[in-house]
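An overview of the molecular structure
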Amino acid sequence: MDSDERLLALLRAGEFVSGEAIAETLGISRAAVGKRVDNLRRRGFAIAAAPRRGYRLDGEPDALTADVVATRLTTAWLGRAWRHHARVGSTNDEAAAWARAPEPAPHGAVVVADAQDAGRGRLGRKWHSPPGESLYLSVVLRPPLPPHRVPPMTLAAGVAVAEAMVAFDVTPALKWPNDVQLDGKKVAGILTEMSADLDRVHHLVVGIGVNLNTQAFPDELAAIATSVAAARGAAVARAEFAAALCARLEHWVDTFVADGAAAVVTAWKQHARFFGTRVRVTAGRDRVEGVAEDLDDDGALRLRLDDGSAYRVVAGEVSA
Ligand code: BTN
């Protein structure tokens, strides 16, 4: 932590903190405390100062810039390289370009944007990406995995999104393979894209879109989409959510790479609500209908068909 971040940690702990206490804890002079406070104010933090009482943090900027998010980031490697854009086509494209650049994005590099002009979902769908209200985030990963073992990474990201949401007082439901829902409506989605040869992944881009503060969706989405703020009845600070998500994602990526898919699958199932329901699945040219029974340890969906047989779906699209 640099001294700005240590000062923020002190101020975040509570009410007024005296200049003397800050100077002592940080090992700097009182004059240096004043300079640090001014510096934080320039960065958008609202800090009240009162004679004899000291300083109090009254507000934090809700920007997704590297310096603002860094004050909240608790990760070891995920998000430690960070690029923020006001507007891009798609953060997945930016992340992929960075991954292939002469100075390539390291494992865990993040690209975020305030808005996307060409945000996309699975199967060529558009991802509604209006400015300033939600999170559009893509992570470059370089896991030591062969390509056929990659699909559970999407499940790992789903668990991370679900856990971050729980920390913001809502209870999401995961829908296989990449949907996150609140109150039966879509609140987040994951788009994992891969560059690989036959036996080795070069890089993955895990793109995560989370509707955070959207209150009104376009007509075609109004019945099927919601946001975290709409569900909890209070706005969500994007930077805070982004940092929470990075922490959970780092944990689940590490777990998946170290221990394999089974631990991820077990956690994923704890947030799933659709087992026991009847679903239709489109997997390549196959269309089948059956009851969603379970996930196998490798993350594949197991259906029970009407003739009593089991049917495994490794990749596909599920609708109710
Ligand atoms: C889906 O549910 O179909 C996946 C949606 C993924 C959207 C995110 S937003 C950040 C990243 N950039 C994109 O263009 N897509 C993903």
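What you see as residue numbers is a count from 1 along each chain, following the sequence as written. At least 70 in pLDDT is required for a residue's local features to be given in this predicted model, at least 80 for side-chain atom pairs to be given and counted, and no such filter applies to totals for whole chains, interfaces and linings, which use all residues. Side-chain figures throughout are based on the complete set of non-hydrogen atoms in the structure, without hydrogens or water.

1. Thoughts on the overall build of the protein
- Strands are runs of DSSP state E lasting at least two residues, helices are runs of H or I lasting at least four, and both sets are numbered from the N terminus onward. Tallying secondary structure elements over the protein gives 10 helices and 14 strands in all.
- Throughout, the radius of gyration refers to the C-alpha atoms, and the reference size of a globule is 2.2 Å times the residue count to the power 0.38. For the protein, whose C-alpha radius of gyration is 22 Å, the value lies close to the compact-globule estimate of 20 Å for 320 residues.
- Principal axes of the C-alpha set define a box for the protein whose edges measure 80 × 45 × 35 Å.
- Per-residue burial for the protein yields a buried fraction of 48% across its 320 residues.
- Should any heavy atoms of two residues lie within 4.5 Å, those residues are considered in contact. Across the protein, every contact between residues at least 6 apart in sequence was considered, and the portion connecting residues at least 24 apart equals 61%.
- Only carbon and sulfur atoms are counted for the fraction: they give 50% of the accessible area of the protein, which is about 14700 Å².
- The average position of the 38 basic charges and that of the 40 acidic charges among the side chains of the protein differ by 2 Å. Note on classification: 1.4 Å probe, protein chains only; a residue is buried when its accessible area is under 20% of the maximum for its type, exposed when over 50%, partly exposed between these limits. Note on areas: Shrake-Rupley with a 1.4 Å probe; residue coverage comes only from the protein chains shown. The charge count treats Lys and Arg as positive and Asp and Glu as negative. His and the chain ends do not count. Taken as the charge location is NZ of Lys, CZ of Arg, CG of Asp or CD of Glu.

2. Quick notes on the nonpolar core
- Residues belong to one nonpolar core when they are buried, are Ala, Val, Leu, Ile, Met, Phe, Trp, Tyr or Cys, and are joined through side-chain atoms within 4.5 Å. By size, the foremost hydrophobic cluster in this structure holds 71 residues, and its most contacted members are Leu135, Met165, Phe241, Leu301 and Leu303.
- With 14 residues, the next largest nonpolar core counts Leu8, Val37, Phe45 and Ile47 among its residues.

3. A look at the sheet that holds strand β12 (residues 301–305)
- The five strands lie next to each other as β13-β12-β11-β10-β14, forming an open sheet whose pairing is antiparallel. Looking at the sheet topology across the chains shown, the edges are occupied by β13 (310–313) and β14 (317–319). Averaged over all adjacent pairs, the angle separating strand axes in this sheet is 45°, with direction ignored.
- As paired strands, strand β11 (residues 286–295) and β12 are joined by five bridges and run antiparallel to one another. Its bridge partner being in β12, Ala292 is matched across the sheet by Leu303. A pair of strands counts as paired when DSSP detects no fewer than two bridges linking them. Fitted lines through C-alpha atoms serve as axes, helices being fitted only where they are in contact, and the angles separating the N-to-C directions of these axes extend from 0 to 180 degrees.

4. Remarks on the site of the ligand
- Contacts to the ligand come from 20 residues, most closely from Ser90, Gln116, Arg120, Arg122 and Lys186.
- Whenever a nitrogen or oxygen atom comes within 3.5 Å of another N or O atom, the pair is scored as a polar contact, on the condition that within protein one atom can donate a hydrogen and the other can accept it, and that pairs from neighbouring residues in sequence are kept only if both atoms are in side chains. Between Gln116 and the ligand, the recorded distance is 2.9 Å, taken from a side-chain N or O atom to a nitrogen atom.
- In this structure, Arg122 approaches the ligand through a main-chain N or O atom, which is 2.7 Å from an oxygen atom.
- Within the complex, the protein chains bury 98% of what would otherwise be the 410 Å² of accessible surface of the ligand.
- Mapped by element, the contributors of at least two residues to the shell around the ligand are α5 (91–99), β5 (135–141), β8 (185–197) and β9 (200–210).
- If one sorts the elements of the shell around the ligand by residue count, β8 sits on top with four residues. A molecule or strand has a residue near it when one of that residue's heavy atoms lies within 4 Å.

5. Topic: the packing of aromatic side chains
- Pairing of aromatic rings covers Phe, Tyr and Trp, the last through its six-membered ring, and needs centres within 6.5 Å; plane angles under 30 degrees mean stacked, over 60 mean edge-to-face, and all others mean tilted. Tallied over the full model, the rule gives four aromatic pairs.
- Aromatic pair Phe168 and Phe241: ring centres 5.2 Å apart, planes at 50°, arrangement tilted. A residue pair is termed long-range when its members are at least 10 positions apart, and Phe168 in the loop between α6 (152–166) and β6 (173–175) and Phe241 in helix α9 (residues 238–259) qualify at 73 residues.
- With a relative accessible area of 7%, Phe168 lands in the buried category.

6. Side note on the pattern of salt bridges
- Salt bridge, as applied in this entry: a Lys or Arg side-chain nitrogen positioned within 4 Å of an Asp or Glu carboxyl oxygen. A complete count under the given rule lists 28 salt bridges for this structure.
- Note that Arg278 is salt-bridged to Glu289, the shortest N-O span being 3.3 Å. Taken together, the residues span a long stretch of sequence, with Arg278 in strand β10 (residues 278–283) and Glu289 in strand β11 at a distance of 11 residues.
- Assessed through its relative accessible area of 39%, Arg278 is described here as partly exposed.
- Linked by salt bridges that have partners in common, Lys269, Glu293, Asp294, Asp296, Asp298, Arg302, Arg304 and Arg312 make up one network.

7. Comments concerning the sheet that holds strand β4 (residues 110–116)
- Read across the open sheet, the seven strands follow the order β3-β4-β5-β9-β8-β7-β6; overall the sheet is mixed. With partners counted over all chains shown, the strands left at the sheet margins are β3 (82–88) and β6, one partner each. Averaged over all pairs of adjacent strands, the angle between strand axes in this sheet comes to 20°, irrespective of strand direction.
- Where β5 lies against β9, seven bridges are found, and the strand directions are antiparallel. Each bridged residue has a counterpart across the sheet, and for Leu135 the counterpart in β9 is Val210.
- Against the sheet, α5 engages β3, β4, β5, β8 and β9, with an angle of about 150° to β4.

8. Quick word on the pairing of strand β1 (residues 46–50)
- Both β1 and strand β2 (residues 54–59) contribute to a ladder of five bridges, which runs antiparallel. Each bridged residue has a counterpart across the sheet, and for Ala49 the counterpart in β2 is Tyr55.
- As consecutive antiparallel partners, β1 and β2 are separated by three residues, and within that stretch Arg52 has a phi angle of approximately 65°, a positive value.

Don't take any of this as a statement about function, it's just geometry.
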